[in-house]
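Chain and residue survey
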Amino acid sequence: MSSPPLPHLALIGAGITSLTLSIRLSALAIPHTIYEQSASLTELGAGLGFGPNAVRALEYIDPRLVEIFNKTATFVGTPSHQGKELLVQEGKGVDERVWIEFLDGTKQGGGETLEPEFVITAGNGRGHAAVHRGQWLDVLGGLADKERIMFGKRVVDVVCLDGKMRIVFADGTEAGADGVVGCDGVKSKVREVLMGMLGEGRERGKCGYSGKYAYRCLVPWGKAVEAVGDDRAGVSSLWMGLNRHLLTFPVHRQSEQFLNLVAFVTDEDGKMWPQEGPASLTLPATKADALRDFEQAGFNGSVRRLLEMTKERMDKWGLYDVADRPLSKFYFGRIMVIGDAAHASTPHHGSGAGFCMEDIAVLGALFEESIAHQSLTVETLEDVFAAFDCQRRERDQWLVNSSRRAADLYQWRIPDFLEPNSFEKMKADIEQRQEHCWGFDVEAAVREAKKHMSERLTLHAQS
């Protein structure tokens with residue numbers, strides 16, 4: 001008895017989530033096409049953080065990804081921790097690695113000598129590392145089948161017509177598919193379409209302004225060392241202050257090393273960006289703008305020196321998420337969203353990309369299970385999507401809400417953490433939340449998702 005033909009999927013967007021998913025689908029021989037609005041593969045931003053949960057998910061998706069990641073990533077930590085490979089298997093005797101050293105950004109003192117208020121580690125044989133976004137996209141592009149990508153295809157609508165999903169593009173063309181997976185990021189068009197299908201209105205599918213923006217840039221390594229010293233530049237550091245915080249961590253791009261600098265600001269009147277669905281997530285800015293924002297908040301000389309090492313002109317990024325308008329489901333029929341398209345989040349746990357990898361690990365396992373039982377058909381796609389939604393949505397939406405809270409914690413905006421000597425209390429809160437991010441059990445998640453899918457398929461067989 002021959003197996004039923006596998007459904008053809010349309011992946012919308014060709015970013016990190018989409019290409020990683022494509023690698024998994026290709027390994028399973030699931031036919032798919034990727035539609036990307038840009039003319040080529042492009043990735044905005046600089047540093048991309050992968051925690052222990054992300055690495056376990058990558059291992060589950062494709063072991064080659066971990067092997068390449070270990071060769072290209074920058075493993076951050078104090079000098080005693082640097083230069084050690086990240087081991088996927090736990091209990092191999094690797095020391096705890098620093099995730100971030102938290103400093104009082106208003107306390108006077110040089111970056112070389114200023115002691116952190118507390119340190120958060122990703123321990124138990126696990127590590128945290130960073131890779132340049134563009135370089136990682138190149139890695140994925142080298143592993144994925146680029147022949148599947150159709151560039152210059154900006155989606156304006158998705159409809160179900162005569163039992164077939166139809167994707168409508170801005171150039172007037174259309175394409176058909178058995179199922180649609182929105183991997184189109186923060187400003188996802190597929191999310192808007194899905195919100196409409198769920199009866200909540202397409203406008204509610206637009207991302208919302210979190211009330212914060214950030215200056216982002218790469219500082220040449222020599223300048224970073226000049227500003228704060230080699231030891232401070234070599235470890236991820238978060239400089240806290242009222243309504244501001246600044247994050248720095250080392251990252252490699254090809255053979256060059258840089259200090260990735262992200263300076264976060266609370267937009268106190270909330271008028272810097274539109275409240276929903278901006279045309280652009282970036283606005284032009286200058287070094288003087290960043291210095292003024294942090295000098296007004298009383299930040300110390302080390303922070304000012306770092307900001308002085310940035311370019312005269314840079315971008316500032318509006319931080320958007322779906323905290324105020326979460327999806328009630330990640331799917332409807334044979335259309336679904338995954339990654340940032342499903343749970344666009346601010347970056348304050350350093351886990352957004354990791355949760356996207358978790359998504360792919362679970363979804364890929366569901367597809368693999370269906371194929372093994374010869375049950376993956378057009379008719380059962382909804383069962384796969386539903387099982388994914390049931391297993392992933394609560395955890396993914398937790399990240400969105402917790403990340404917003406984390407930024408307010410770093411910026412001394414939560415009253416319960418403002419009393420004297422509150423840094424230990426703050427440390428305990430952050431450790432608990434980061435462990436929730438890093439402690440993801442991919443095998444348990446896959447078992448749970450498969451159980452949900454099996455229950456749905458059994459109900460269908462009985463009906």
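Above: the structure in question.
In this report, the structure presented in the accompanying data block is examined. (Residues numbered from 1 in each chain as written. Predicted model: local features only at pLDDT ≥ 70, side-chain atom pairs only at ≥ 80, totals over all residues. Heavy atoms only, no water.)

Our focus in this paragraph is the nonpolar core. Phe-50, Trp-136, Ile-167, Met-357 and Phe-367 are the most contacted members of the largest nonpolar core, which totals 81 residues. Ranked by the residues each element gives to this core, the list is headed by helix H11 (residues 352-372), at ten residues. Core analysis: the next-biggest nonpolar cluster, separate from the first, contains 38 residues, Trp-273, Phe-294, Leu-307 and Val-400 among them. (Core = buried A, V, L, I, M, F, W, Y, C linked by side-chain atoms within 4.5 Å. Buried < 20%, exposed > 50% of the residue type's maximum accessible area, 1.4 Å probe, protein only. Helix = DSSP H or I, 4+ residues; strand = E, 2+ residues; numbered from the N terminus.)

Across the interface, helix H8 (residues 287-296) lies against helix H9 (residues 301-308) with an axial gap of 9 Å and an inter-helix angle of 170°. For the element pair H8 / H9, the angle class is roughly antiparallel. In contact with Lys-287, Ala-290, Leu-291, Phe-294 and Glu-295 of H8, H9 contributes Val-303, Arg-304, Leu-307 and Glu-308. In the contact of H8 with H9, the residues fall into five nonpolar, no polar and four charged. (Axes fitted to C-alpha atoms, helices over the stretch in contact; angles between N-to-C directions. Parallel < 35°, antiparallel > 145°, perpendicular 65-115°, else oblique. Contact = heavy atoms within 4.5 Å. Nonpolar A, V, L, I, M, F, W, Y, C, P; charged D, E, K, R; others polar.)

So, about the sheet that holds strand S10 (residues 164-169). One open sheet accounts for three strands, arranged S9-S10-S11; its pairing is antiparallel. For this open sheet the edge positions go to strand S9 (155-161) and strand S11 (174-177), each flanked by a neighbour on one side alone. Averaged over all pairs of adjacent strands, the angle between strand axes in this sheet comes to 25°, irrespective of strand direction. Where S10 meets S11, four bridges bridge the pair, whose relative direction is antiparallel. (Pairing = 2+ DSSP bridges.)

Below, the discussion takes up unusual backbone geometry. Here the phi dihedral of Asp-162 falls at roughly 55°; this positive angle occurs in a residue that is not glycine. Take Asp-162: it is sitting in the loop between S9 and S10. The class of Asp-162 is exposed, set by a relative accessible area of 77%. Its identity is not glycine, yet Asn-243 carries a phi of approximately 65°, on the positive side. By the element assignment, Asn-243 lies in the loop between strand S14 (237-241) and strand S15 (244-253). Judged by relative accessible area, Asn-243 falls into the buried class, the value being 10%.

One pass over the full model with this rule turns up two cavities of 30 Å³ or more. Approximately 30 Å³ is the volume found for the second largest cavity. Lining the second largest cavity are His-349, Ala-406, Leu-409, Tyr-410, Asp-429, Ile-430, Arg-433 and Gln-434. At the level of elements, helix H12 (381-410) and helix H13 (423-438) are the ones that each hand at least two residues to the lining of the second largest cavity. Residue classes in the lining of the second largest cavity are distributed as four nonpolar, two polar and two charged. (1 Å grid on protein atoms, 1.4 Å probe; cavity = no way out; pocket = protein on both sides within 12 Å on 5 of 7 lines; lining within 4 Å. Points joined across faces, edges and corners; volume = space filled by probe spheres on them.)

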